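Commentary on secondary and tertiary structure
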Amino acid sequence: MQNKITDRKLSLNTELGWSEAREEFLKPCKILIITHKNPDGDAVGSALGLKWILGRIGHTVNVAIPDDSPLFLKWLPGHNEIVVNDRKMTADISTLFNECDLIICADFNTPERLGGLEPLYRESGKRTLLIDHHPNGDPFTGYNFIDPTKGSTSELVYLFIEKMNFAEHIGVEAATCLLAGIMTDTVGLKVNCSYPEVFETVAALMRIGADKDRIYHEIYNTHSANRMRLLGYSLSKNMKILPEYKTAYIALTISELNSYHHRKGDTEGFVNYPLAIAGIVFSVLFTEQNDHIKLSLRSTGDFPANKFAQKYFLGGGHLNAAGGRFPGTMKEAVDRFESVLDEYKELLTSNR
Ligand code: 5GP
Ligand code: MN
């Protein structure tokens, strides 16, 4: 079963047409949906949105994630049914991999992003489908629905369902999850959504009942006071600006995070703030983890944050939003970063 779902308009690789895909999805089966480690709103929103829709079509659907999601996503409908690998659930998860008929991968373009779920995925031998918007992935699944011009995987889930004429199965829970995914990857409909079609999808989800204002509130206005103080500290005491490279970065150690009683997800969004400074086109957030330094990278214009992350920090992602890691100390990570910037000086300084 190595057919591919394709669609010329979206430049997708397909031999299996949409009506055949619909026929396939009408046969009830067991589906496992998985997404990437450090799951963000698009990862969780697209996975849960699909779960609700496919459940209504008649499938038995589970969602498994490599590690827990941040607090600001826990309100999503169906979130409490997600199986998280880091809660000693590996045995249950391996049963899900063994007993399902189809694995749907959402919002990542290489199996390495699966963290602890990667071996289970690789050994599963099941039919697989990828729905994703990351560029430059190796198609690693049997079926693909990939469109890097879209701002989120959640939008692609909507289009995927619509193409198969299943839109009637999108209820308010699914619409809420999908709109939450769109909202997070577009930073509240501000970036990666400069094409009119995305607003048609947003409108359709709102008509089904997704409450845009509530979703925005839950994602962006439910922080703890500690998180806001950590943000204040990061910007006033910690941010370093390198005007000669149009670059700024923030580097937070575990002890700094602890002194603000950091909880998972608290630093989400910090990396966007330096880009609000006139003349800054590249922003990086370094956060110390137990055994490595995590990087979040954001750029404006055509500076390729993903290529930079891939070349120097074992990462990747989108042109303007990427992630990576550095196995070493914070000082070594920052020194490395500053030392390789010169290679990109022309590209950075010619950027808007
Ligand atoms: P974030 O900074 O929010 O962690 O990640 C930004 C983007 O980069 C997301 O689209 C995410 O999927 C991608 N990304 C983050 N970390 C990695 C990584 O280690 N490898 C790859 N290929 N992509 C990543
Ligand atoms: Mn995404």
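Up top you'll find the structure we're talking about.
Described below are features of the structure shown in this document. Quantities reported herein were computed from a predicted structural model and do not represent experimental measurements. (Residues numbered from 1 in each chain as written. Chains lettered and ligands numbered in written order. Predicted model: local features only at pLDDT ≥ 70, side-chain atom pairs only at ≥ 80, totals over all residues. Heavy atoms only, no water.)

1. Considerations on helix H5 (residues 153-163)
Counting buried positions along H5 yields 9 of 11 residues, so the element is predominantly enclosed. Of all the positions in H5, only Thr153, Ser154, Glu155, Leu156, Val157, Tyr158, Leu159, Phe160 and Ile161 are classed as buried. One side-chain oxygen of the residue at the start of H5 lies 3.1 Å from the amide nitrogen of Glu155, identifying that residue as Ser152. In the segment just after H5, Asn165 is the residue with positive phi, at about 60°. (Buried < 20%, exposed > 50% of the residue type's maximum accessible area, 1.4 Å probe, protein only. Helix = DSSP H or I, 4+ residues; strand = E, 2+ residues; numbered from the N terminus. Polar contact = N/O pair within 3.5 Å; in protein donor to acceptor, adjacent residues only side chain to side chain.)

2. Points about the environment of Gly317
Turning to its location among the elements, Gly317 is positioned in strand S11 (residues 316-317). Gly317 sits 104 residues away from Asp213 along the chain, and the two C-alpha atoms are 28 Å apart. Excluding its chain neighbours within four sequence positions, the residues that come into contact with Gly317 are His134, Pro135, Asn306 and Ala322. (Contact = heavy atoms within 4.5 Å.)

3. A word on unusual backbone geometry
Positive phi, normally seen in glycine, also occurs at Asn192, with a value near 55°. Within the element layout of this structure, Asn192 appears in the loop between helix H6 (172-185) and helix H7 (196-208). Notably, Lys246 is not glycine yet its phi reads approximately 50°, a positive angle. Mapping Lys246 onto the fold places it in the loop between strand S7 (240-242) and strand S8 (247-252).

4. Some remarks on the coordination of the manganese ion (ligand 2)
The protein atoms donating to the manganese ion (ligand 2) are Asp42 (OD), Asp107 (OD), His133 (NE2) and Asp185 (OD), with metal-donor distances spanning 2.2 to 2.4 Å. Donor residues binding the manganese ion (ligand 2) come from one chain and are separated in sequence as D-x64-D-x25-H-x51-D. Of this pair, Asp107 sits in the loop between strand S4 (102-106) and helix H4 (118-124) while Asp185 sits in helix H6, placing them 78 residues apart in sequence. By relative accessible area, which is 2% here, Asp107 ends up buried. (Donors = N, O, S within 2.8 Å, 3.2 Å for Na, K, Ca; no water.)

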